[in-house]
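Observations on chain architecture
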Amino acid sequence: IQSYIYTNDKLQATSYLNKFSVLTRLILEQSNNDLITLEDEIKALTLYLELEAERFGNKLHYNIQVHEAVMVESIRIPPMLIQPYVENAIKHGLMHSKTTWNLGIEFNTHHNGLLVVIDDNGVGRKKSGEINRSRHSAHQSFAMNANQHRLEILNKGFSDEIGLKVIDKMDSLGQPIGTRVELYIPNSLAKQD
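As the structure is a prediction and not an experimental result, all values here were calculated from the model.

Per the secondary structure count, the chain includes six helices and eight strands. Seen in sequence order, the chain has helices and strands lined up from the N terminus as α-α-β-α-β-β-α-β-β-α-α-β-β-β. The buried share among the 193 residues of the chain stands at 39%. Long-range contacts, defined as pairs at least 24 residues apart, comprise 69% of the intrachain contacts of the chain with a sequence gap of at least 6.

Below, the structure written as structure tokens:
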């Protein structure tokens, strides 16, 4: 927003500010609920990604894919469960990459639940960690620690737990080519209306 104001691009500043205010309002509304529809989570994610794509001069290319079997209007999940992993992919994986940033988010059914896959072509966790340590001597991934703690809280008292798998993608030579996060939300938590 500040950049658009400096360059006197009032239309872009207004557009960005409007989107940002809608996203802020959505997040505040969603944070008051124990569960929100997957449809609302995807709306917030889409708006967030639109802002990030605009912020980085359209270097970010993203795709959100929802498989037919996923009933977005009736599945209810805890709010802001997916967004921190998407933000982490951008901030720690893609932002350090010199190539075009590709981010895919896929929603599919899996066993008795919802499988969310967040896939990026960033520098990978190891390289990102090295970069962050060189920039901030005491860097710790607050978002990942906070997400892990939140999953532990959400999983208390349930026999089926939210599952998280983080996969470091490698090419045939063993070089990092991104990260894949798989978030499994069982039906006991992904409640249907």
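This next bit is on the nonpolar core. With 37 residues, the main nonpolar core has Leu38, Ile82, Val86 and Ile118 as its most contacted residues. Where this core is concerned, the elements lending two or more residues are helix 2 (10–31), helix 3 (38–55), strand 3 (75–77), helix 4 (83–94), strand 4 (101–109), strand 5 (113–120), helix 6 (142–155) and strand 7 (176–186). Here the element with the most residues in this core is helix 3; it accounts for nine residues. Those residues in contact with Val86 that lie beyond four places of it in its chain are Leu45, Tyr48, Leu49, Leu103, Ile105 and Ile118.

Taking 1.5 Å per residue as the helical rise, helix 3 with its 18 residues ought to reach 26 Å, and the 25 Å between its terminal C-alpha atoms agrees with that figure. Within helix 3 the residues assigned to the buried category are Leu38, Glu41, Ile42, Ala44, Leu45, Leu47, Tyr48, Leu49, Leu51, Glu52, Ala53 and Glu54. Where helix 3 ends, the next residue or the one after it, Gly57, has phi of about 65°, a positive value.

Here we take up the side chain of Asp120. For Asp120, the position within the fold is in strand 5. Buried charged residue Asp120 carries no salt bridge. Nearest counter-charge: Lys169, at 5.9 Å. What Asp120 contacts, discounting residues up to four positions off in sequence, is Ala89, Leu94, Asn102, Leu103, Lys169, Ile177, Gly178 and Thr179.

The next point concerns the pairing of strand 6 (residues 163–170). With eight bridges connecting them, strand 6 and strand 7 associate as antiparallel partners. In the sheet register, Met170 faces strand 7, and the bridge partner there is Pro176. Taking the residues that link successive antiparallel strands as the turn, the strand 6-strand 7 hairpin has five residues, and the phi of Gly174 there is positive, at about 80°.

Calculation criteria
Residues numbered from 1 in each chain as written. Predicted model: local features only at pLDDT ≥ 70, side-chain atom pairs only at ≥ 80, totals over all residues. Heavy atoms only, no water. Helix = DSSP H or I, 4+ residues; strand = E, 2+ residues; numbered from the N terminus. Buried < 20%, exposed > 50% of the residue type's maximum accessible area, 1.4 Å probe, protein only. Contact = heavy atoms within 4.5 Å. Core = buried A, V, L, I, M, F, W, Y, C linked by side-chain atoms within 4.5 Å. Expected span 1.5 Å × (residues − 1). Lys, Arg positive; Asp, Glu negative; His and termini not counted. Salt bridge = Lys/Arg side-chain N within 4 Å of Asp/Glu carboxyl O. Pairing = 2+ DSSP bridges.

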